[in-house]
Amino acid sequence: AANPRLREVLGAITRHLHAAVKEVEPTHEEWFAAIEFLTKTGQICSDWRQEYILLSDVLGVTMLVDAINHRRPSGATPNTILGPFYVEGAPRYANGANICLDHKGLPTLVRGRVSDIEGNPIAGATLDVWQTNDDGFYDVQQKGVQPDYNLRGLFTSEADGRYWFQTVKPRFYPIPYDGPVGKLLKAVDRHPNRAAHLHFIVEAQGFQQVITHIFTPDCPYMQQDAVFGVKRELVAEFQEIDDPQMAAEYGMPNPFLLVE
Ligand code: DHB
Ligand code: FE
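Each chain carries its own residue numbering, running from 1 in the written order of its sequence. Whichever chain is written first becomes A and whichever ligand is written first becomes 1, with later ones labelled in order. Since the coordinates come from a predicted model, pLDDT governs what is reported: local features require at least 70, and pairs of side-chain atoms require 80 or more to be given and counted, while whole-chain, interface and lining totals use all residues. To obtain the side-chain values, all non-hydrogen atoms of the structure were used and water was disregarded.

**Student:** What should I look at first to understand the overall build of the protein chain in this one?
**Tutor:** Helix numbering and strand numbering both begin at the N terminus, where a helix is a DSSP run of H or I of at least 4 residues and a strand a DSSP run of E of at least 2. Tallying secondary structure elements over the protein chain gives six helices and 10 strands in all. In terms of overall dimensions, the protein chain has C-alpha extents of about 70 × 40 × 30 Å along its principal axes. Three exposure classes are used, based on accessible area relative to the maximum for each residue type with a 1.4 Å probe and protein chains only: buried under 20%, partly exposed in between, and exposed over 50%. Taking all 260 residues of the protein chain together, 41% fall into the buried category. It only takes one pair of heavy atoms within 4.5 Å for two residues to be counted as in contact. A sequence separation of at least 24 residues applies to 69% of the contacts in the protein chain between residues at least 6 apart.

**Student:** What's the story with the pattern of salt bridges in this structure? I'm lost.
**Tutor:** Between side chains of opposite charge, pairing is possible as soon as their charged atoms come close. Each salt bridge in this description consists of a side-chain nitrogen of Lys or Arg and a carboxyl oxygen of Asp or Glu lying within 4 Å of one another. On inspection of all chains with the given rule, the structure shows nine salt bridges. Between R49 and E51 there is a salt bridge; the shortest N-O distance is 2.9 Å. The same class applies to R49 and to E51, which are both buried. The partner of R49 in a salt bridge is D178, and the shortest N-O contact between them spans 2.8 Å. Highlighted residues: R49 in the loop between α2 (28–43) and α3 (51–58) and D178 in the loop between β5 (173–174) and α5 (180–187), separated in sequence by 129 residues. Judged by its relative accessible area of 10%, R49 is buried. Taking relative accessible area as the criterion, D178 reaches 67% and is therefore assigned exposed. Several salt bridges converge on common partners, so that one network encompasses R49, E51 and D178.

**Student:** Sorry if this is basic, but what is going on with a nonpolar patch on the surface here?
**Tutor:** For patches, a residue must show more than 30% relative accessible area and have no salt bridge; joins then use 9 Å for like charges and 5 Å for nonpolar side chains, namely Val, Leu, Ile, Met, Phe, Trp and Tyr. Every accessible area reported is derived by Shrake-Rupley at a probe size of 1.4 Å, with residue values counting cover from the shown protein chains alone. Judged by side-chain polarity, L6, V9, I13, L17, V21, W31, F32 and I35 come together as a nonpolar surface patch covering roughly 720 Å² of accessible area. Residue assignment for the nonpolar patch shows that the elements contributing at least two residues are α1 (4–24) and α2. Ranked by the residues each element gives to the nonpolar patch, the list is headed by α1, at five residues. Within the fold, W31 resides in helix α2. Classification of W31 as partly exposed rests on a relative accessible area of 42%.

**Student:** Explain the nonpolar core here, please?
**Tutor:** Here is a general trend for soluble globular proteins: nonpolar side chains tend to be buried in one another's company. Among the nonpolar cores identified, the biggest contains 24 residues, and V110, F165, F200 and I214 are the most heavily contacted of them. If you list the elements that add at least two residues to this core, you get β2 (126–130), β4 (162–168), β7 (197–203), β8 (210–215) and β10 (256–259). F200 has contacts with V110, L127, D128, V129, W130, Y163, F165, V210, I211, T212 and I214, leaving out every residue within four places of it along the chain. In this description, a nonpolar core means a group of buried Ala, Val, Leu, Ile, Met, Phe, Trp, Tyr and Cys residues linked to one another through side-chain atoms lying within 4.5 Å. Of all hydrophobic cores here, the second largest spans 10 residues; its members include M63, V181, L185 and V227.

**Student:** What exactly am I supposed to notice about α1 here?
**Tutor:** Because an α-helix completes one turn every 3.6 residues, residues spaced three or four positions apart along the sequence face the same direction. Multiplying one less than the number of residues by 1.5 Å gives the expected span of a helix. Across its 21 residues, α1 extends 30 Å between first and last C-alpha, which sits within 8% of the 30 Å expected from 1.5 Å per residue. When you tally the buried positions in α1, you get zero out of 21 residues, a small fraction of the element. E25 lies just past α1 and shows a positive phi near 45°.

**Student:** For this particular structure, what's the right way to read the sheet that holds β4?
**Tutor:** To summarise the sheet geometry, strands pair through backbone hydrogen bonds and adopt either a parallel or an antiparallel arrangement. Taking strand neighbours across the sheet as the criterion, the four strands line up as β4-β1-β10-β9 in an open arrangement whose pairing is mixed. Edge positions in the sheet fall to β4 and β9 (239–241), since each has one partner strand and no second. Looking at each pair of strands side by side, their axes are set apart by 30° on average, direction ignored. Two strands are counted as paired when DSSP detects at least two bridges linking them. One ladder, built from three bridges, connects β9 with β10; its direction is antiparallel. Residue E240 lies in a different strand from β10, and its bridge partner there is L257. Simply put, an axis is a line fit to the C-alpha atoms, just over the touching stretch for a helix, and the angle between two N-to-C directions goes from 0 to 180 degrees.

Honestly, it's all geometry; don't read function into it.
Structure (C-alpha cells):
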C-alpha cells in the first residue's frame, strides 16, 4: 500500500539533497567517498553502539527531533539527549545511597525535588541516573574494569517529592571517536567531547517522561558540546560545602560538593 507520509518525507529529503549537491558540486570521487562513509557507518554496531545514532547526534539532528516532539511549558524541565549509554535494570537504591562504586572523583551530594508544573510535590517518581566515572568512561565501556552498574541507580522521590544521592562530580568525556563519525569530526576539525553531565530519566504516573541531564557550570566544553545537548536551564551549581555536621548527616566526607 502507498504510504503518503513516506512520499512526503522522501520528497523533502530529495529536494534538500539536490540543493546540497548543486551547492557543493561534488566530483564522482567525492560522492563515492560519501557513500563509502555511510556504508562504514552502518557497519559499526554493538550492544551499546549504533554509529548512525552517533552521526545524528553530532549533526544536531537528534536534539532537533527531540525539540520538535517535546515542546514543554516554561518552567518545566527540558529534555536533552538520551545517548547510547543508558541501560535498563540498574539497582534501585534508598535515598542517600552512593552510586559511585569505584571511589574515584570528587564526592558530590545531589538533592532535588520532583514537582508538577505548579510546584506541587510528586511522590513515588522514579529517577534513573547514570554518568561516566572519573576516567570518562561508562561502566558498559569498561566491562571487567569498572564494577557492574558503577555510577547508575534508580531512586524514588519521597512524599515531599524529594530525592538525594551520593555520586562524584561528572567530567567531560569523548563520544566514541574511533569509528567513521570520529574520523569525520577530525576531518572538519571538531572535537568529540561532551560537556560534563549527569543523566536522568524521570518518570511518574500520569506525567510525561523527562529525559535530561544536569551539567556542571565550569566545564571547558559547555559552549561546544559535541552533540549540542546543553540547555541553560540544565546547568546546575556545584557548591563547595565545608560543614562537618551536614557531611555527617548525609554520610559525606567533608568538604564535598552539593548540587540541588
Ligand atoms: C552521549 C554519548 C554519545 O556518544 C552521544 O552520541 C550522545 C550522548 C551521552 O552519554 O551523553
Ligand atoms: Fe553521557
